[in-house]
Every structure is written in C-alpha cells, then in structure tokens.
Amino acid sequence: MKHVIVITTGGTIAMKYDKVTGGLIPAVSGADLLEAVPALKNTAKVEVVEYSNVPSGHITPEMMFSLGKFVDEKAAQADIAGIVITHGTDTLEETAYLLDLMLKTCKPVCITGAMRGATDMSWDGPGNILAAVQTAISESAIGQGVLVVLNNQIHAAREVTKTHAVDTDTFASPWWGPIGYVYADAAVIRRHSLCLEKICTETLVPDVYLIKCAAGMDEYLFECLRKKPAAGIVVEAFGCGNVPPAVKHGIELCRKAGIPVVIASRTYAGRVVPAYSYEGSAGSMLSCGVIMANELTGQKARIKLMLALGLTKDNQELTKLFACHTTAESLTKVF
Ligand code: ASP
C-alpha cells in the first residue's frame, strides 16, 4: 500500500458549529479528520501531521513559504508516494500556486478543503480528503505540479480559482477546465497543465500590494504605496490590461520610484495584452516598464511577484519571469 502524508492546516474542513459564538470555529484535529474517512484504510497508508489549525484568511505568504519547505522535506522521504494538504478554501488557490512555483518535488501534492463544517449535514470534508488521497497515489499525478482536489475534480494550481462563496462546486479553472476527475475507484487525469514554472528562491518579499481597478478610480492608493514605499504592486486592470488615466498616472509615479508594477486582468481569464494605445491602456503603460501578468489572476500574480522579488529586483529580469507562456511554437519544441 502506498504511503501518503496528510498535512492539516485548518479551514472549514476542520471546523464545528459553536453555540456560544454562533458560528464555525476550529475544532477538529487531524486524527478526527482521518477517522471520518474509513475508506482511507483500503486506499493508502496515511500518516497525519497537524501543521496548524487556522482559518485560511489567517495564513500569510510567509506561512505558505514555510509550509512549502516542510512539504519538500516530507516528500523527500523515499517511502512517501504523495502529500495531501488540508486548507481553508478562501486562500487555498494562493497557497496552491505558491507551492506550485517553489516545490522541488515531482511527487503528487494535492490540496483540498471543504465548504461545509464537520457539524453540517452535508460536510464535504471526508469525501474531499479521500479524493485527494486517491489523486496523491495516482501515477498520472506525478510531475503535474500542485493539484487542487475538491468536489471530485482535479485542477492545476496555476489555473484554478474559487468561483462561488458557499457552494461545494466552487473550484473551477475558467476557460481550461479541470485536468481530471476522481471516480469511486481511482483518480483519472486526462490532460497536462503545460505551463509548469519554478521560482527557486530562499526568500520571499511579502510587501506586495494588490489593487483592483474600478471605473473612475484615482491615483490616491498609488501615491500611498509610493510613499511607503511598497516592494511591488499588482494592478487588476480592466479587460486586457487597461486602467483609468488617473491610475496610469499613479502607476507612472510608482515606476519612477523604482517600484515594480504588474498588470493583471480583473476578468479572471485570458491574457493581458497591449492591444490599445489610448491613454490608460496596457500599451500606453509599456514605456514606463509595467510588467504583464500574462494569464495570472491578480492574487496569483501577487504571489509570483513576492517569490520573484526574492530572486531579483531588476525590472527586466522580473519581466522575463512573468513572460513564460506556452505557445504553439514552444509546444512544437516539446513534442
Ligand atoms: N473561511 C474558511 C477558510 O478559508 C472557508 C473554508 O475553509 O472553506 O478558512
């Protein structure tokens, strides 16, 4: 039987309703979690490590980075086939992507969680843990990067996002879809995520801000970040990377102060491209050295910039790190 380590970090999957406070609070231990999934005994030899028990909104990028180091240590054990991490769903995609970029191991690393607490009639935790363990022991999950497994779907960390505030079918990879599905007897993976990237750094720079654009926004927040000064800024722009003229001015001020500025799209799918040259368009900001986030969402571009800044502060080098994408030409080279 294959050996899997389940690392618990907290989240709704480890919460129960508390009468005194009137809401869900952390209350389920790692051992309790495994006990709730009797089918695990016939699936794998499972060892549980209680890493933390916090809501995912309390997890910082530094904690994610330490968790990544811990995962690599555990995965380096010869007898370990794969790792499962349980995590709150709110920031799960950020941890998944940070680990995807930093982990050295090729062994399957699957992150799961739950949308319903352990006292809820429809607690989805046990089923999700079983599905994640099934995926972690699957040969086809090797070398696929970090996988997010919930609601029997398997998603690539780079592509997945939480799409619904409360529904159990919340994780989706807009435009690309899941890479696999977990049946009762096995996990089946039907495609590869071709854009696996690594940023190998010993440090991460957490002082990176994410600003979402809205109609008529001004430069005020950018002035604050320039004064701070922030280590980096990610802007969730409109459509393919366009911002209001005043925001462009704010971005230029930050660029003059040497702050790297990454442009992502607030639309959650598709690339940012300099298709226009009007005032405030992505094209109009290229001359001040903004970096295009490619297809990354704002929250993932922020994670990537934190790691990238751990490697280099040079704007051209940072631009190169964000330029990675799979094109028809690069696919021809691969196959
Ligand atoms: N608020 C919870 C958390 O992220 C939500 C969840 O786990 O689903 O910790």
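Our structure's up above, just so we're on the same page.
Residues numbered from 1 in each chain as written. Predicted model: local features only at pLDDT ≥ 70, side-chain atom pairs only at ≥ 80, totals over all residues. Heavy atoms only, no water.

Novice: Let's hear about the packing of aromatic side chains: which residues, and what values?
Specialist: A complete count under the given rule lists 3 aromatic pairs for this structure. Aromatic pair Tyr51 and Phe70: ring centres 5.1 Å apart, planes at 40 degrees, arrangement tilted. Here Phe70 lies in helix H2 (residues 61-75) and Tyr51 lies in the loop between strand S4 (45-50) and H2, a separation of 19 residues in the sequence. Residue class for Tyr51 comes out partly exposed when judged on its relative accessible area of 32%. Judged by centre distance (5.0 Å) and plane angle (65 degrees), the ring pair of Tyr181 and Tyr183 falls under edge-to-face. We classify Tyr181 as partly exposed; its relative accessible area is 37%. Geometry around Phe322 places Lys304 over its ring, the cationic atom sitting 4.9 Å from the centre. (Phe/Tyr/Trp six-rings, centres within 6.5 Å; stacked < 30°, edge-to-face > 60°. Helix = DSSP H or I, 4+ residues; strand = E, 2+ residues; numbered from the N terminus. Buried < 20%, exposed > 50% of the residue type's maximum accessible area, 1.4 Å probe, protein only. Lys NZ or Arg CZ within 6 Å of the ring centre and 35° of its normal.)

Novice: Outline the environment of Gly310, listing residues and values.
Specialist: Mapping Gly310 onto the fold places it in helix H8 (residues 298-311). Here the alpha-carbon distance between Gly310 and Thr203, two residues 107 residues apart in the chain, equals 5.0 Å. Here Gly310 is in contact with Thr201, Thr203 and Val205, once residues within four sequence places are set aside. (Contact = heavy atoms within 4.5 Å.)

Novice: Can you lay out the nonpolar core for me, pointing to particular residues and giving the numbers?
Specialist: Counting 48 residues, the largest nonpolar core has Ile7, Val71, Ile83, Ile85, Leu98 and Leu99 as the members making the most contacts within it. When sequence neighbours within four positions are dropped, the list of residues in contact with Ile7 reads Val49, Tyr51, Leu67, Phe70, Val71, Ile83, Val84, Ile85 and Thr86. (Core = buried A, V, L, I, M, F, W, Y, C linked by side-chain atoms within 4.5 Å.)

Novice: Explain the site of the ligand to me, using residue names and the numbers behind them.
Specialist: Around the ligand, the neighbouring residues are Gly11, Thr12, Pro55, Ser56, Gly88, Thr89, Asp90 and Ala114. Protein chains bury 84% of the 260 Å² of accessible surface belonging to the ligand in isolation. A breakdown of the residues in the shell around the ligand according to their chemical character gives 2 nonpolar, 5 polar and 1 charged. (Near = heavy atom within 4 Å. Areas by Shrake-Rupley, 256 points an atom, 1.4 Å probe, with all protein chains shown as cover. Nonpolar A, V, L, I, M, F, W, Y, C, P; charged D, E, K, R; others polar.)

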